[in-house]
Each structure stands twice: as C-alpha cells, then as structure tokens.
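Chain and residue survey
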Amino acid sequence: MFWDRIGLKTDGKEKFRRNYGSCVLVSLIVGLITGTGGTVSIERWLEDTTFALWFLIPGAVVILVQILVFSVLEMGACRFYVENRDYQAGVSKILFGFQSGHYGNVVLVMFLRSLFTFLWTLLLIVPGIVKSYEYRMVPYILAEQPDISSTDAFAISKEMMMGQKLEAFGLDLSFIGWWIGSAFTCGLLGIFWASPYQAATNAELYAALRDDWIKRHSGQEN
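Residues numbered from 1 in each chain as written. Predicted model: local features only at pLDDT ≥ 70, side-chain atom pairs only at ≥ 80, totals over all residues. Heavy atoms only, no water.

Attention now moves to the overall build of the chain. Assigned secondary structure in the chain consists of 12 helices and 0 strands. What you see in the chain, going N to C, is helices and strands ordered as α-α-α-α-α-α-α-α-α-α-α-α. A buried classification covers 46% of the 222 residues belonging to the chain. Within the chain, contacts between residues at least 6 apart in sequence are counted, and of these 72% link residues at least 24 apart. Counting every atom, the chain has about 11,500 Å² of accessible surface; 66% of that belongs to carbon and sulfur. (Helix = DSSP H or I, 4+ residues; strand = E, 2+ residues; numbered from the N terminus. Buried < 20%, exposed > 50% of the residue type's maximum accessible area, 1.4 Å probe, protein only. Contact = heavy atoms within 4.5 Å. Areas by Shrake-Rupley, 256 points an atom, 1.4 Å probe, with all protein chains shown as cover.)

Next up, the structure:
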C-alpha cells in the first residue's frame with residue numbers, strides 16, 4: 001500500500017487546527033502519562049533495576065496506576081483523535097476506555113502490548129523498536145473495538161504494519177524539526193503544536209492502513 005506522507009500531515013494538521021484547544025489538552029494529558037512531565041511509563045519502570053529497596057512499594061503503585069489508568073487514557077486519546085477526523089471531538093473521549101463496558105479487556109491488551117515490547121527489547125534494542133512499530137496500531141484498533149481479543153488486535157496490527165514500518169519510521173522522523181524547536185522553547189512548541197499535530201497525523205495513518213486492511217479482507221482490493 002502507498003500513502004503520501006505530506007498528504008497525511010496536511011490532513012492531520014487541518015483536523016488538529018479545527019479543534020485546536022481540545023487536541024492540545026488531550027495531547028498534554030497523554031504526554032504527562034507516557035513518560036514526559038515527570039510520569040514514568042511501565043517499560044521504563046521495568047527496565048530500571050537500580051532503584052533502592054525502599055522505593056519498591058511506591059514503584060509498584062506507579063506501575064499499577066500505569067496499567068489500570070494511564071494505559072486506558074492512552075487508548076482513549078487514540079479514540080479522540082480518530083473521532084476528531086470526522087468532527088470536533090470532546091476531551092471527554094479520552095475516558096472512553098472506562099466507559100466502553102470493556103475496561104478489563106482494554107487493560108489486558110494495553111498491558112500485553114507494553115510487556116511484549118519490553119521483552120523484545122531485552123533481546124536487543126533493534127528488535128524492540130521493530131516490534132513497537134508492529135504493535136503501533138493496537139491502541140487504535142482497541143479504540144474502535146474495545147472488546148477485541150488480544151490475539152486479534154495484535155494480528156491485525158501486524159498485518160496493517162506489514163511493509164509499512166520503515167515508512168512509519170520516516171513519518172516520525174519528519175517531525176524531528178518540530179521537536180528540536182520544542183527543546184529550544186522549553187517544551188512549549190511541543191505542547192502547543194508538535195505533539196497534537198503528530199498525534200493527529202498518526203490518526204490519519206491509522207485510518208489509511210485500516211481502510212486498506214478492510215478492502216483487502218473484503219475482497220475489494222483493486
């Protein structure tokens with residue numbers, strides 16, 4: 001499948017600007033819960049074996065909160081950006097995982113994604129990076145079908161990303177200038193532009209790969 005990087009970024013920027021305030025707030029929340037702003041992700045906690053014994057209990061609490069709350073909010077942000085493609089979605093969409101009626105399944109699938117990525121990273125850094133791209137669409141798939149099994153979610157994400165990992169990596173690299181600018185503005189450019197812009201573009205990528213996957217599986221591929 002061929003997709004146009006510039007086209008995705010143009011569409012993402014348009015939909016982000018159309019609902020600017022909500023996009024900034026959602027991306028700020030996600031940024032705080034996935035490693036920036038002082039919050040540590042589950043992978044980082046699992047990899048850190050040097051913290052002292054008296055930090056084990058607080059560390060366990062943080063990991064538990066990450067699994068039960070933060071990962072669900074991360075999936076909710078994917079739901080927000082997917083819906084924001086069609087209309088000005090509300091910030092409350094970030095709570096979708098708690099309101100879907102499938103909270104337990106959301107927690108399980110998101111936890112397995114983090115766990116599998118961490119285990120692959122233990123082998124070597126490169127396999128971990130490859131698998132992170134292979135699992136990239138899992139939160140989006142879950143956002144549209146919160147009752148999907150972990151087996152199906154990972155299988156579909158793998159199919160969607162087959163032959164697309166290098167291109168997706170290139171898409172990520174195309175934002176590097178914005179993030180360099182963010183560093184020079186003490187993170188302000190990232191908060192108010194780069195992060196929501198990239199998140200909106202990632203939702204466009206998911207939609208393109210999803211539509212292609214549906215066509216291929218419905219026998220409508222040209």
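Right, let's talk about the confidence of the model for the chain for a bit. Confidence in the prediction for the chain averages 86 pLDDT; 86% of positions are at 70 or higher. Counting contacts from residues 36–55, a segment whose pLDDT is below 50, to residues more than four positions away or on other chains yields 28 contacts. (pLDDT = per-residue confidence, 0-100.)

Turning to the nonpolar core, a few remarks are in order. A general trend in soluble globular proteins is that nonpolar side chains are found buried together. Counting residues in hydrophobic clusters, the biggest one holds 53 residues, and the most contacted among them are Tyr 81, Met 137, Met 160 and Leu 205. Sorting the residues of this core by element identifies α1 (5–18), α2 (20–33), α4 (56–84), α6 (103–123), α8 (138–144), α9 (150–161), α10 (165–173) and α12 (188–217) as the ones contributing at least two each. Excluding anything up to four places from it in sequence, Met 137 contacts Ser 157, Met 160, Met 161, Leu 205, Tyr 206 and Leu 209. (Core = buried A, V, L, I, M, F, W, Y, C linked by side-chain atoms within 4.5 Å.)

Inspection of α10 places Ala 168, Gly 170, Leu 171 and Asp 172 among the buried residues, and these make up the whole buried set. Those residues of α10 that are buried lie in contact with α1, α7 (125–134), α9, α11 (176–184) and α12.

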